[in-house]
Amino acid sequence: MIKTDGIIFDMDGTIWDNTPLFAQSWNKAAKMMGYDTTFTKETLMAEFGKTMQDIADDIIPDEDPEKRYKTLKLCEEVEMDDLRKSPEDTCYEGLEDTLKALVDKGIKLYVVSNCQSGYIELYFEKSGHGKYFTNILCYGDNGLGKADNLKKLIEENNIKAPVYVGDIQGDKNACDAAGVPFIWAAYGYGESVDSYVAKIDDIKELKELV
């Protein structure tokens, strides 16, 4: 049993999975930019969790950094538009019941992500889950990576015993840098992480863990 006054969540691979939809979005954007490139769900699963600039450097096939970042920006715009229009609920099953149970225990909930600006807000808009969360921070809003945003959020919200729930090694690395205990969401994108204080194979397990 983990005692905490604040659970901080990752987004993709922890709260929801949009990679099937976003692969289509990125393929559309790539064609609009003149690339004959195919992105798959697996391509994006291997990249999501990194900053958007790092993703562009990894998988946009152009030596010109300006065009890479312009292409990535278009990918973001197309995926956000497609997600907004999609009727599909991409949240992991049992998420809302888990969030409600955690809040009912008196635990405050937060999101820290390396996502683009507006992405967390769109999750709130589509799901109605914004009422469960106290605060959010993301790379797209302030240009800070996950470790720095973890430190910033913890300080600003006076969280005494934080934990972070994420699914990939990059999340664990950020937690190490920020001094935050890491709960591994093993149902997400990461095949392994080097250590964790707890592991969950289903989001619903979290309400019994803390």
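The structure this text deals with has already been given above.
Here the structure is a predicted model, which means the values were calculated and not measured.

Caption draft 1: Fine view of helix 4 (residues 65-85). Taking 1.5 Å as the rise per residue, helix 4 with 21 residues should run 30 Å; its terminal C-alpha atoms sit 30 Å apart, in good agreement. Turning to helix 4, its buried residues are R68, T71, L72, L74, C75, E76, V78, E79, M80, D82 and L83. The inward-facing, buried residues of helix 4 contact helix 1 (19-32), helix 3 (52-59) and helix 6 (119-127).

Caption draft 2: Focus on the packing of helix 1 against helix 4. One way to put it is that helix 1 packs onto helix 4 with a least axis distance of 8 Å and a crossing angle of 135°. The angle between helix 1 and helix 4 falls in the class oblique. By crossing handedness, the relation of helix 1 to helix 4 is classed as right-handed. Of the residues in helix 4, those touching helix 1 at L21, F22, S25, W26, K28, A29 and M32 are L72, L74, C75, V78, E79, D82 and L83. Here the contact of helix 1 with helix 4 is built from residues that sort into 10 nonpolar, one polar and three charged.

Caption draft 3: Up close: the layout of surface pockets. For the largest pocket, the calculated volume is near 260 Å³. Forming the walls of the largest pocket are M52, Q53, Y69, L72, K73, E76, E77, M80, Q116, S117, Y139 and G140. Ranked by residues supplied to the lining of the largest pocket, first place goes to helix 4 with six residues. Roughly 160 Å³ of volume is contained in the second largest pocket. Along the walls of the second largest pocket sit M45, A46, E47, F48, K50, I168, Q169, G170, Y189, G190 and E191, which together make up its complete lining. Those elements that provide at least two residues to the lining of the second largest pocket are helix 2 (41-47) and helix 9 (169-178). No other element matches helix 2, which puts three residues into the lining of the second largest pocket.

Caption draft 4: How the structure looks around empty space enclosed by the protein. With the rule as written, the count across this model stands at one cavity of 30 Å³ or more. Space inside the largest cavity adds up to approximately 120 Å³. Lining the largest cavity are 15 residues, with D12, F48, G49, M52 and C115 sitting closest to its centre. Tallied by class, the residues present in the lining of the largest cavity amount to six nonpolar, four polar and five charged.

Calculation criteria
Residues numbered from 1 in each chain as written. Predicted model: local features only at pLDDT ≥ 70, side-chain atom pairs only at ≥ 80, totals over all residues. Heavy atoms only, no water. Helix = DSSP H or I, 4+ residues; strand = E, 2+ residues; numbered from the N terminus. Expected span 1.5 Å × (residues − 1). Buried < 20%, exposed > 50% of the residue type's maximum accessible area, 1.4 Å probe, protein only. Contact = heavy atoms within 4.5 Å. Axes fitted to C-alpha atoms, helices over the stretch in contact; angles between N-to-C directions. Parallel < 35°, antiparallel > 145°, perpendicular 65-115°, else oblique. Left-handed = near helix turned anticlockwise from the far one by under 90°. Nonpolar A, V, L, I, M, F, W, Y, C, P; charged D, E, K, R; others polar. 1 Å grid on protein atoms, 1.4 Å probe; cavity = no way out; pocket = protein on both sides within 12 Å on 5 of 7 lines; lining within 4 Å. Points joined across faces, edges and corners; volume = space filled by probe spheres on them.

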